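# Structure assessment
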Amino acid sequence: MAIIEVMQMKKSFGSLDVLKDVSFDIQKNEVIAVIGPSGSGKSTMLRSLVHLEEVNGGSIKVQDQYLVKDGAYSSQSQIKAITSRMGMVFQHFNLFPHLTVQENLGLAPKYVKKQTKEEVRKNGAALLQKVGLLDKADVYPGNLSGGQKQRVAIARALMMNPDIMLFDEPTSALDPELTGEVLAVIKQLAEEHMTMVIVTHEMSFAKEVADRIIFMDNGQVVESGTPDQIFNQPKMERTREFLNRAT
Ligand code: ADP
Ligand code: MG
């Protein structure tokens, strides 16, 4: 069952066509890795799925509800209902520096989901435990390493109990020795069959964790397939060239 269907999505910034008829779908419980050169439109694609960007054409359907259909967006309340089921993790963490870890985690559940203090505390503790940071609940982000900040950002996204998690290069702002701890958390989510779309430069991680790889170049999905198909027998010359440079 497709949980997300993207049909002929188009996006331009002024005269720059950044997404050109992008189509793909994501099945429930599937882990998709999106790879491709810098500037190919990966972030714009991901941001469009959660309505951080508005597309100029095409359709995005999430769990049988249209976020946008043939370029026409649904009502604000429907958009909110759809995007609230998706959790997003950014390259640069985007934690609030003036709030503790626990307060960062509690913000959206308290104000958007109207959860009680007790619920928020309980869920927060469980998720901090899951990402291995239970002892950091009362610490400010400034006192955490990059890897710890990113694990907090993942826990924060999970607080909303999303059906789909989206990651935009979650490790590319980290020193190499800190990427492993973040990838381990994502891998654990994959083992729990969380539906995920992960934009990444980490080819070996993509190969290991993804059910399917989407290769994007120049605003298009050039090809998609299993890790074995993409890495060992790519159909398109552009994919081959990219992988030769990237691996
Ligand atoms: P990727 O994530 O694959 O590196 P992006 O989606 O960030 O690619 O960017 C694709 C293209 O869109 C790039 O040429 C980038 O400069 C351009 N772009 C992205 N965001 C904006 C924006 N807000 N305004 C203008 N151009 C943008
Ligand atoms: Mg990007």
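Reading guide: rules and limits
Residues numbered from 1 in each chain as written. Chains lettered and ligands numbered in written order. Predicted model: local features only at pLDDT ≥ 70, side-chain atom pairs only at ≥ 80, totals over all residues. Heavy atoms only, no water. Pairing = 2+ DSSP bridges. Helix = DSSP H or I, 4+ residues; strand = E, 2+ residues; numbered from the N terminus. UniProt positions renumbered as here; feature names shortened; annotations may be inferred. Near = heavy atom within 4 Å. Polar contact = N/O pair within 3.5 Å; in protein donor to acceptor, adjacent residues only side chain to side chain. Areas by Shrake-Rupley, 256 points an atom, 1.4 Å probe, with all protein chains shown as cover. Nonpolar A, V, L, I, M, F, W, Y, C, P; charged D, E, K, R; others polar. Expected span 1.5 Å × (residues − 1). Buried < 20%, exposed > 50% of the residue type's maximum accessible area, 1.4 Å probe, protein only. Arc of directions from axis to C-beta. Contact = heavy atoms within 4.5 Å. Axes fitted to C-alpha atoms, helices over the stretch in contact; angles between N-to-C directions. Parallel < 35°, antiparallel > 145°, perpendicular 65-115°, else oblique. Left-handed = near helix turned anticlockwise from the far one by under 90°. Phe/Tyr/Trp six-rings, centres within 6.5 Å; stacked < 30°, edge-to-face > 60°. Lys NZ or Arg CZ within 6 Å of the ring centre and 35° of its normal. Core = buried A, V, L, I, M, F, W, Y, C linked by side-chain atoms within 4.5 Å.

## Comments concerning the sheet that holds strand β4 (residues 57-62)
Taken together, the 5 strands give an open sheet; going across it, the order is β2-β1-β4-β5-β6, and neighbouring strands pair in antiparallel fashion. Of all strands in the sheet, those with a lone pairing partner are β2 (16-27) and β6 (72-73), marking the two edges. With 2 bridges joining them, strand β5 (residues 65-69) and β6 adopt antiparallel strand pairing. Within the sheet, the bridge partner assigned to Lys 69 lies in β6 and is Ala 72.

## Points about the UniProt feature "domain: ABC transporter" (unreviewed entry) in the protein chain
Summarizing the sequence annotation, UniProt attributes the feature "domain: ABC transporter" (unreviewed entry) to residues 4-243 in the numbering used throughout. Segment residues 4-243 splits into 38% helix and 28% strand. End C-alpha atoms: 27 Å apart.

## Notes on the site of ligand 1
Taken together, the neighbourhood of ligand 1 is formed by Phe 13, Leu 16, Val 18, Pro 37, Ser 38, Gly 39, Ser 40, Gly 41, Lys 42, Ser 43 and Thr 44. Contact between ligand 1 and Ser 40: an oxygen atom at 3.2 Å from a main-chain N or O atom of the residue. At a separation of 2.5 Å, an oxygen atom of ligand 1 approaches a polar side-chain atom of Thr 44. The protein chains hide 59% of the 560 Å² of surface that ligand 1 would expose on its own. When contributions to the shell around ligand 1 are tallied by element, the ones reaching two or more residues are β2 and α1 (42-49). When residues in the shell around ligand 1 are grouped by element, the largest group, 3 residues, is from α1. Residues of the shell around ligand 1, tallied by class, amount to 4 nonpolar, 6 polar and 1 charged.

## Remarks on helix α4 (residues 117-130)
Its 14 residues give α4 an end-to-end C-alpha distance of 20 Å, which sits within 8% of 20 Å, the value for a rise of 1.5 Å per residue. Listed in full, the buried residues belonging to α4 are Val 120, Gly 124, Leu 127 and Leu 128. End-on view of α4: buried residues confined to an arc of 100°, all on one side of the axis. Residues of α4 that are exposed and angled more than 90 degrees away from the buried face: Lys 122 and Gln 129. Residues of α4 that are buried sit in contact with α3 (101-111) and α5 (146-158). Gly 132 sits one or two residues past α4 and shows a positive phi near 75°.

## Details of the packing of α3 against α5
At a closest axis distance of 8 Å, the pairing of α3 and α5 adopts a crossing angle of 30°. Classified by the interaxial angle, the pair formed by α3 and α5 is roughly parallel. The crossing of α3 and α5 is right-handed. Listed contacts from α5 to Val 101, Asn 104 and Leu 105 of α3 are Val 152, Ala 155 and Arg 156. Here the residues of the contact of α3 with α5 are counted per class, giving 4 nonpolar, 1 polar and 1 charged.

## Notes on the packing of aromatic side chains
What the rule picks out here adds up to 1 aromatic pair. The ring centre of Phe 231 lies 4.9 Å from the NZ or CZ of Lys 207, which sits over that ring.

## A short note on the environment of Leu 134
In this structure, Leu 134 sits in the loop between α4 and α5. Taking relative accessible area as the criterion, Leu 134 reaches 40% and is therefore assigned partly exposed. The spacing of Leu 134 and Ala 153 is 19 residues in sequence and 14 Å in space, taken between C-alpha atoms. Sequence-distant contacts of Leu 134, defined by excluding residues within four places in its chain, comprise Ala 125, Leu 128 and Gln 129.

## A few points about the sheet that holds strand β3 (residues 31-35)
Taken in spatial order, the 6 strands make up an open sheet running β7-β8-β9-β3-β10-β11, and their pairing is mixed. Strand pairing shows two members of the sheet lacking a second neighbour, β7 (86-89) and β11 (220-225), which therefore form its edges. Adjacent strand axes in the sheet meet at a mean angle of 15°, parallel and antiparallel pairs treated alike.

## Points about α1
Turn by turn, an α-helix covers 3.6 residues, leaving residues three or four places apart pointing in a common direction. For α1, a buried count of 6 out of 8 residues is recorded, marking the element as mostly surrounded by other parts of the structure. Buried residues of α1: Lys 42, Thr 44, Met 45, Leu 46, Ser 48 and Leu 49, and no others. Just downstream of α1, His 51 is the residue with a positive phi angle, here 65°.

## Re the nonpolar core
In terms of nonpolar packing, the biggest core is built from 35 residues, with Ile 154, Met 165, Phe 167, Ile 186, Met 196 and Ile 198 touching the most fellow members. Listing elements by their share of this core, those giving two or more residues are α3, α4, α5, β8 (164-168), α6 (176-191), β9 (195-199) and α7 (203-209). Looking at which element gives the most residues to this core, the answer is α6, with 7 residues. The residues touching Ile 198, leaving out its near neighbours within four places in the chain, are Val 31, Ile 32, Ala 33, Val 34, Phe 167, Pro 170, Ile 186, Phe 205 and Val 209. One finds Ile 3, Phe 24, Leu 46 and Met 216 within the second-largest nonpolar core, a separate group that totals 30 residues.

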